[in-house]
Amino acid sequence: NAGPYYEWIGAGPTSVKINGLKNGTVDLSSHIWTYKIGLQGEHLGIYKPESLDAVSWESTSDPPKNQPLTWYKTVVDPPTGDAPIGLDMIHMGKGLAWLNGQEIGRYFPVKSSTHDCVSECNYRGKFFPDKCRTGCGEPTQRWYHVPRSWFKPTGNILVIFEEKGGDPTQIRFSKRKVTGVCAHVAENYPPVDLESRGKEGNKNNEKSTLHLKCPNNTSISAVKFASFGTPLGTCGSFRKGSCHDPNSASVVEKVCNVCLNKNECKIRLTEQYFKKGLCPGAVKKLAVEAGCS
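Per an unreviewed UniProt entry, the protein chain goes by beta-galactosidase and derives from Dillenia turbinata. Checking UniProt for the protein chain, the heading Catalytic activity (unreviewed entry) contains the comment "Hydrolysis of terminal non-reducing beta-D-galactose residues in beta-D-galactosides." Quoted verbatim from the Subcellular location (unreviewed entry) heading of the UniProt record, the comment on the protein chain is "Secreted, Extracellular space, Apoplast".

Here's what the structure looks like:
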């Protein structure tokens, strides 16, 4: 979001001086300078298990905090279970992370702007950069996905390079726990089986279908919200719109009764379930939120 002509903005050191010498200040600004891309630690590959001994690491129970340009290394065990894993870097500044030599990626949990925030995102109409700004004042990203396939049973090496300064003792692995699922589909949404479209005798079967699927080893336990019409909001905060079929919840619960204690469920937007003449001229949608346990 730096705007146009970013490549013309000046960067780099413009004045370099050494202070505190007996003979006074030494100005190095006019000297010949060269630059090197990357860090020596990156060139040596010290984040790789086979190259960890390329440098001498200092072992300590109290690693330096809020110190820029610092490499950290620790040995960790994988989190239990099979839920997705995220590396929580909210207390760090900016840098890179590796697990067993695999690059997790660059982290930078900077807080977003607090200006011109909207309660609900809507991209309709003319675009401008601040049109859909949400989560104002919150970290732009806090958790960074770590595939479980990167973990070994024990002895995993986590390496962090911190550029700005942070508290490495606050780094945590978090497991993503899903307690519910949502689905939102419009009546004019194309069917999944596109190959069958146009075949004779199949036109009446082309109905939009809402799909609910809980994570592995969990099942649908309850219907928390259901609205057929023009529902508003997003998952976790659905609400009824100006057009709403009052029988939505009972219809969905009736269909989902067949799916209770099962991992997934499908609900077709047919006239058998929902009113055909509801809100003439409006594109009707079905929004459902279900609990998983």
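Now that the structure has been shown, the text picks up again.
A. Just the packing of aromatic side chains, in detail. The final tally for this structure, using the stated rule, is five aromatic pairs. Geometrically, the ring pair formed by Trp-71 and Phe-161 is tilted, given 4.8 Å between the ring centres and 40° between the ring planes. Placement of the pair is Trp-71 in strand β3 (residues 70-76) and Phe-161 in strand β8 (residues 156-162), with a sequence separation of 90 residues. Given a relative accessible area of 5%, Phe-161 falls into the buried group. For the ring pair Phe-225 and Phe-238, a centre distance of 5.8 Å and an interplane angle of 25° mean the geometry is stacked. Here Phe-225 is found in strand β12 (residues 220-229), whereas its partner Phe-238 is found in the loop between β12 and α2 (248-257), with 13 residues between them in sequence. Phe-238 shares its class with Phe-225; the two are buried. Site record: aromatic cluster; members linked through ring pairs are Tyr-47, Trp-71, Trp-98 and Phe-161. Here Lys-73 stacks its cationic end above the ring of Trp-57, 5.5 Å away from the centre of that ring. Seen from the ring of Phe-108, Lys-94 lies directly overhead, with NZ or CZ sitting 4.9 Å from the centre.

B. Inspection of the confidence of the model for the protein chain at higher detail. Summary statistics for the protein chain give a mean pLDDT of 86 and a share of 93% for residues scoring 70 or more. Throughout residues 200-204 the model reports pLDDT below 50, and contacts reaching past four residues in sequence, or to other chains, amount to one contact.

C. Quick look at a nonpolar patch on the surface. A cluster of nonpolar side chains, Ile-18, Leu-21 and Val-26, forms an exposed patch at the surface whose accessible area comes to about 220 Å². Its location among the elements puts Leu-21 in strand β1 (residues 17-21). Judged by relative accessible area, Leu-21 falls into the partly exposed class, the value being 43%.

D. Structural context of the pairing of strand β5 (residues 95-99). Counting buried positions along β5 yields five of five residues, so the element is predominantly enclosed. Examined bridge by bridge, β5 and strand β6 (residues 102-107) share five bridges and lie antiparallel to one another. Residue Ala-97 lies in a different strand from β6, and its bridge partner there is Gly-105. In textbook terms, the turn of a hairpin is the stretch between consecutive antiparallel strands, and for β5 and β6 this stretch comprises two residues, one of which, Asn-100, has a positive phi near 50°. Here five bridges tie β5 to β8, and the two strands are oriented antiparallel to one another. Bridge pairing links Leu-96 to Phe-161 in β8.

E. Main features of the sheet that holds β6. Read across the sheet, four strands follow the order β3-β8-β5-β6 without closing on themselves; strand pairing throughout is antiparallel. Both outer strands of the open sheet, β3 and β6, are each paired with one neighbouring strand and no more. The mean inter-strand angle of the sheet, taken between neighbouring strand axes irrespective of direction, is 15°.

Quick notes on the rules
- Residues numbered from 1 in each chain as written.
- Predicted model: local features only at pLDDT ≥ 70, side-chain atom pairs only at ≥ 80, totals over all residues.
- Heavy atoms only, no water.
- UniProt positions renumbered as here; feature names shortened; annotations may be inferred.
- Phe/Tyr/Trp six-rings, centres within 6.5 Å; stacked < 30°, edge-to-face > 60°.
- Helix = DSSP H or I, 4+ residues; strand = E, 2+ residues; numbered from the N terminus.
- Buried < 20%, exposed > 50% of the residue type's maximum accessible area, 1.4 Å probe, protein only.
- Lys NZ or Arg CZ within 6 Å of the ring centre and 35° of its normal.
- pLDDT = per-residue confidence, 0-100.
- Contact = heavy atoms within 4.5 Å.
- Patch = residues over 30% accessible without salt bridge, like charges linked within 9 Å, V, L, I, M, F, W, Y side chains within 5 Å.
- Areas by Shrake-Rupley, 256 points an atom, 1.4 Å probe, with all protein chains shown as cover.
- Salt bridge = Lys/Arg side-chain N within 4 Å of Asp/Glu carboxyl O.
- Pairing = 2+ DSSP bridges.
- Axes fitted to C-alpha atoms, helices over the stretch in contact; angles between N-to-C directions.

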